[in-house]
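Now for the letters of each chain:
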Amino acid sequence: MSASVELVALEGVTCGYGSEAVLVDVDVAVAKREFVGIVGPSGAGKTTVLRVIAGSMPPAHGRVRRRAGLRVAYVPQIETINWSFPVTVQECVLMARVSSRRLPWASRVERVAVSEVLARLGIEELRERHIRELSGGQQQRVFIARALLGEPELLLMDEPTSGVDVRLRHEVLHLLDDLNARGLAIVLMTHDLNGIATHLPRLVCLNRRVIATGSPAEVLSPEVLERTYGASMQVLEHGGMPVVVDTFEHRHEHLPGVPEGSAA
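Residues numbered from 1 in each chain as written. Predicted model: local features only at pLDDT ≥ 70, side-chain atom pairs only at ≥ 80, totals over all residues. Heavy atoms only, no water.

## Quick look at the side chain of Thr-88
And then number 1: Note that Thr-88 resides in the loop between strand E5 (72-75) and helix H2 (89-94).
And then number 2: Not counting residues within four places of it along the chain, the set of residues in contact with Thr-88 comprises Arg-127, Glu-128, Arg-129, His-130 and Ile-131. (Helix = DSSP H or I, 4+ residues; strand = E, 2+ residues; numbered from the N terminus. Contact = heavy atoms within 4.5 Å.)

## Here we look at the pairing of strand E11 (residues 241-246)
And then number 1: Examined bridge by bridge, strand E10 (residues 233-238) and E11 share six bridges and lie antiparallel to one another. Opposite Gln-234, over in E11, you have Val-245 as the bridge partner.
And then number 2: Adjacent in sequence and paired antiparallel, E10 and E11 are bridged by two residues, among which Gly-239 carries a positive phi angle near 60°. (Pairing = 2+ DSSP bridges.)

## With respect to the sheet that holds E5
One key point about sheets: their strands pair by backbone hydrogen bonds, in either a parallel or an antiparallel sense.
And then number 1: The strand order across the open sheet formed by six strands is E5-E6-E7-E3-E8-E9, and the pairing between neighbours is mixed. In this open sheet, the two edge strands, each paired with only one partner strand, are E5 and strand E9 (209-214). Neighbour to neighbour, the strand axes of the sheet diverge by 20° on average, direction disregarded.
And then number 2: Here E5 pairs with strand E6 (residues 154-158) via four bridges, running parallel. Among the inter-strand pairings, Val-75 is bridged to a residue of E6, identified as Met-157.
And then number 3: Against the sheet, helix H1 (residues 46-54) engages strand E3 (35-39), E5, E6, strand E7 (185-190) and strand E8 (202-207), with an angle of about 155° to E6.
And then number 4: Its contacts with the sheet place helix H4 (residues 136-148) against E5 and E6, and it is angled at close to 160° to E5. (Axes fitted to C-alpha atoms, helices over the stretch in contact; angles between N-to-C directions.)

## Considering the sheet that holds strand E4 (residues 61-66)
And then number 1: With antiparallel pairing, the three strands of this open sheet are ordered in space as E2-E1-E4. At either margin of the open sheet sits one strand with a lone partner, and together these are strand E2 (20-31) and E4. Each adjacent strand pair in this sheet contributes to an overall mean axis angle of 15°, direction not counted.
And then number 2: As defined by bridge partners, strand E1 (residues 6-17) adjoins E4 across five bridges and the pair is classed as antiparallel.

Interpretation note: all reported values are geometric properties and have no functional meaning in isolation.
See below:
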């Protein structure tokens, strides 16, 4: 990858919490207009990678190169949000404004900016609605709108489809595809290997270290997945795309005193 198109690059990054290293010698680079998924088991360091990219967590070893003036936005898991907080959609998005004005109310320019970003995401008609009244897909769009208000070049997302059904998962994925097609670079972490990961141009398989990086067809192999997740998985092909299948086999143990073949 040419350094001229890189937005951010982690080089030999090791970091953690206290004395425990969560990431070890990690190399990850993100270029302009790129769409990258980070996959791996719980505790693999996926959220830590996002924090390092965002600049909220410095590495203990290695270095992070960012393009000068890079604008980065972060969208948390919607499950972590307090949806009972008494704000409307417009007020929620305005909380992300960066302004030199000291006045507590929004300027006309800021209100216009909010209207434009809500319209871009197809939720302008919801601007006066309370956030607790929204569907899961609408809630996700509100927090993407918050992130887009600052016109970022790189969007970081933590489990964008966690807790949503198949229809909403497809809705979020199509929205992110559209934003990426308009030039926004996106890095997201996900546990959803088949619903999200197989649709992304590039994946990073992570388990404290980078196990593999490449297209889904290149990295979603039984060997890479077993090294990443520590469990055997089978990869099938459907419609030209890889499909990951857990190969867990249930073994019935013979109970003492119960004849084999009998119902316990």
